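Fold and geometry: a report
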Amino acid sequence: MLKLKTANADALYARISDSAKLYLPVKKAGQVNYDLWESGCEVTLDEMTVKSPKDLFFPQSEHLMEFRVSGKSIEVENPELPTEPYVLFGVRACDVRSFDVLDRVFLSDPVDNYYQARRNNGTVVSLACLSPLRESCFCSVFGIDLAEPQGDAQVWILGDEMYLNAATEKGEKVLEMVKDLCEETDGAPLAAAKDEARAKMAKNPLADLDLTGFDGEHMMEKFNAPEWKKLYQACLGCGTCTFVCPTCQCYDIRDFDTGHGIQRYRCWDSCMYSDFTMMAAGTNRKTQMERFRQRFMHKLVYFPANNEGMYSCVGCGRCVSKCPMHLHIAKVIRALGGKKQ
């Protein structure tokens, strides 16, 4: 394990960026999101990013191919898959877990080559939450340890010191780049800090959410629950929850006439929209209640039923803090589940 004074963090970022593009939480116009590191940018590691880092693997808009038409001939041009290595630094434990969810979607047969290329080229450096960021966090409900995040390398910030540990071969390569800036340590002071962080999380308002019954065996019971008719009524169908969610993976594929041909691209979509999966015959979810139910049934019932119990929610709390109607997954769990005794 390595240790570095946080005052020297910029030197660490600069060293990493010498060998690979470095993305990390940066504050711009009062908002914190993942961005490319540049000297002088305002790196902010003590706030949750507004958006998750998933668009480094699954971009919000992505060029797929282009059709060039000349007379009766059509030429298809496919973009080259990305090959440039990059480092994604400061990823919280909840967001790291979200990558496991996305992997099950995009790396299952048939493999999504665009996602796979970005995933293979990226190195994830996670950041432990030694103090829960917000009262809206509830990652522990899904068995995520905020003090011991997964990833290729791990970072803990305690006082004015940053501790770094490699967990994979990719992580070892990153730490090798910065080894001469750091000193070796056994990380002994971290043990008490980790226990304290877990104790704080246990006191968070949403830490007592009970997932009992959210599984494949109770699928129809949850689907037909009368509570849906009341729960959905405040929903605006704005899709904010899906766009800040780290595990939502719905997308649309569209064609754009450039004047010289057709550019095909995919972009994020939302199951909360009335035209989602619209076909010539219409859509099979005609009401907002049905769309609302679909979102949360997928997160809490359908996905775990088909993925060995893994939920498609990581408790990051973004939807809790961003929903304009204060309607979110925690309220659904409260209404259809219960509290731990």
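Figured I'd write up the structure that's included with this text. Only a predicted model underlies this, so the values are computations on that prediction, with no experimental measurement involved.

This part is about empty space enclosed by the protein. Where empty space is left becomes clear once a probe the size of a water molecule has been rolled over the atoms. Counted by the stated rule, this structure contains five cavities of 30 Å³ or more. Space inside the largest cavity adds up to approximately 140 Å³. Lining the largest cavity we find 19 residues, and of these Cys235, Cys241, Met272, Cys323 and Leu327 sit closest to its centre. Residue assignment for the lining of the largest cavity shows that the elements contributing at least two residues are helix 8 (240–244) and helix 9 (288–306). Among the elements that make up the lining of the largest cavity, the one with the highest residue count is helix 9 (three residues). Looking at the lining of the largest cavity residue by residue, the class counts come to 14 nonpolar, four polar and one charged.

Time to look at the packing of aromatic side chains. A complete count under the given rule lists 16 aromatic pairs for this structure. Ring centres 4.9 Å apart and planes at 80° place the aromatic pair Phe57 and Phe99 in the edge-to-face group. In this pair, Phe57 sits in the loop between strand 3 (31–36) and strand 4 (61–70) while Phe99 sits in helix 2 (residues 93–106), placing the two residues 42 residues apart along the sequence. Where Phe58 meets Phe106, the ring centres are 4.9 Å apart and the plane angle is 45°; that geometry is what we call tilted. Here Phe58 is found in the loop between strand 3 and strand 4, whereas its partner Phe106 is found in helix 2, with 48 residues between them in sequence. Ring-pair connections join several aromatic residues into one group, and the members of that group are Tyr23, Phe57, Phe58, Tyr86, Phe99, Phe106, Tyr115, Phe243, Tyr251, Trp268 and Tyr273. Between the NZ or CZ atom of Arg293 and the centre of the ring of Phe223, over which it lies, the distance is 3.7 Å.

On to helix 9. Relative to the 27 Å expected for 19 residues at 1.5 Å per residue, helix 9 spans 25 Å between its end C-alpha atoms, a close match to the ideal helical length. Of all the bends in helix 9, the largest measures some 55° and sits at His298. Taking burial as the measure, the 19 residues of helix 9 include 14 buried ones, the bulk of the element. Positive backbone phi, at 50°, marks Glu308, one or two positions downstream of helix 9.

One open sheet accounts for four strands, arranged 5-4-13-12; its pairing is antiparallel. Unpaired on one side and paired on the other, strand 5 (73–77) and strand 12 (251–257) mark the two borders of the sheet. Here the strands of the sheet are splayed against their neighbours by 20° on average, with no regard to which way each runs. Here strand 12 pairs with strand 13 (residues 262–268) via seven bridges, running antiparallel. By the bridge assignment, Ile253 is partnered in strand 13 with Arg266. Sheet contacts for helix 3 (residues 113–121): strand 4 and strand 13; angle to strand 4, the most-contacted strand, approximately 130°.

Right, let's talk about the packing of helix 9 against helix 11 (residues 329–336) for a bit. Closest axis-to-axis distance for the helix 9/helix 11 pair is 11 Å, and the angle between their directions is 80°. By the criterion of interaxial angle, the relationship of helix 9 to helix 11 is roughly perpendicular. On the side of helix 9, the interface is formed by Phe292, Phe296, Lys299 and Leu300, while helix 11 contributes Ile329, Val332 and Ile333. Split into classes, the residues belonging to the contact of helix 9 with helix 11 amount to six nonpolar, no polar and one charged.

Our next topic: helix 3. Those residues of helix 3 that sit buried are Tyr114, Tyr115, Ala117, Arg118, Arg119 and Asn121. The secondary structure elements touched by the buried residues of helix 3 are strand 4, strand 6 (86–91), helix 2, strand 7 (122–127), helix 4 (169–178) and strand 13. Of the residues that open helix 3, the one with a side-chain oxygen 3.1 Å from the backbone nitrogen of Tyr114 is Asp112.

Further remarks concern the sheet that holds strand 3. Pairing is mixed in the open sheet, where eight strands are placed in the order 3-2-6-7-8-9-1-10. Edge positions in the sheet fall to strand 3 and strand 10 (183–184), since each of these pairs with one other strand and no more. For strand 1 (residues 2–5) and strand 10, the ladder comprises two bridges, and the chain directions are antiparallel. Residue pairing across strands places Lys3 opposite Glu183, the latter belonging to strand 10. Sitting on the sheet, helix 3 is in contact with strand 6 and strand 7, with an inclination near 60° to strand 7.

A few words now on the side chain of His328. Inspection of the secondary structure puts His328 in the loop between helix 10 (318–322) and helix 11. Taking relative accessible area as the criterion, His328 reaches 9% and is therefore assigned buried. Here His328 is in contact with Phe296, Cys319 and Val320, once residues within four sequence places are set aside.

So, about the environment of Ser98. Along the chain, the position of Ser98 falls in helix 2. Residues in contact with Ser98, not counting those within four places in the same chain, are Pro246, Thr247 and Val314. Polar side-chain contacts of Ser98 include one of 2.5 Å to the backbone oxygen of Asp95.

Let us now look at the layout of surface pockets. Considered as a void within the structure, the largest pocket measures approximately 220 Å³ in volume. Lining the largest pocket are 14 residues, and of these Ala128, Cys129, Leu130, Ser131 and Ile157 lie nearest its centre. When residues of the lining of the largest pocket are traced back to their parent elements, those giving at least two are strand 8 (153–158) and helix 5 (190–202). Sort the elements by how many residues they give to the lining of the largest pocket and helix 5 lands first, with three residues.

Definitions and limits used
- Residues numbered from 1 in each chain as written.
- Predicted model: local features only at pLDDT ≥ 70, side-chain atom pairs only at ≥ 80, totals over all residues.
- Heavy atoms only, no water.
- 1 Å grid on protein atoms, 1.4 Å probe; cavity = no way out; pocket = protein on both sides within 12 Å on 5 of 7 lines; lining within 4 Å.
- Points joined across faces, edges and corners; volume = space filled by probe spheres on them.
- Helix = DSSP H or I, 4+ residues; strand = E, 2+ residues; numbered from the N terminus.
- Nonpolar A, V, L, I, M, F, W, Y, C, P; charged D, E, K, R; others polar.
- Phe/Tyr/Trp six-rings, centres within 6.5 Å; stacked < 30°, edge-to-face > 60°.
- Lys NZ or Arg CZ within 6 Å of the ring centre and 35° of its normal.
- Expected span 1.5 Å × (residues − 1).
- Bend = angle between axes of the 7 residues up to and from the residue.
- Buried < 20%, exposed > 50% of the residue type's maximum accessible area, 1.4 Å probe, protein only.
- Pairing = 2+ DSSP bridges.
- Axes fitted to C-alpha atoms, helices over the stretch in contact; angles between N-to-C directions.
- Contact = heavy atoms within 4.5 Å.
- Parallel < 35°, antiparallel > 145°, perpendicular 65-115°, else oblique.
- Polar contact = N/O pair within 3.5 Å; in protein donor to acceptor, adjacent residues only side chain to side chain.

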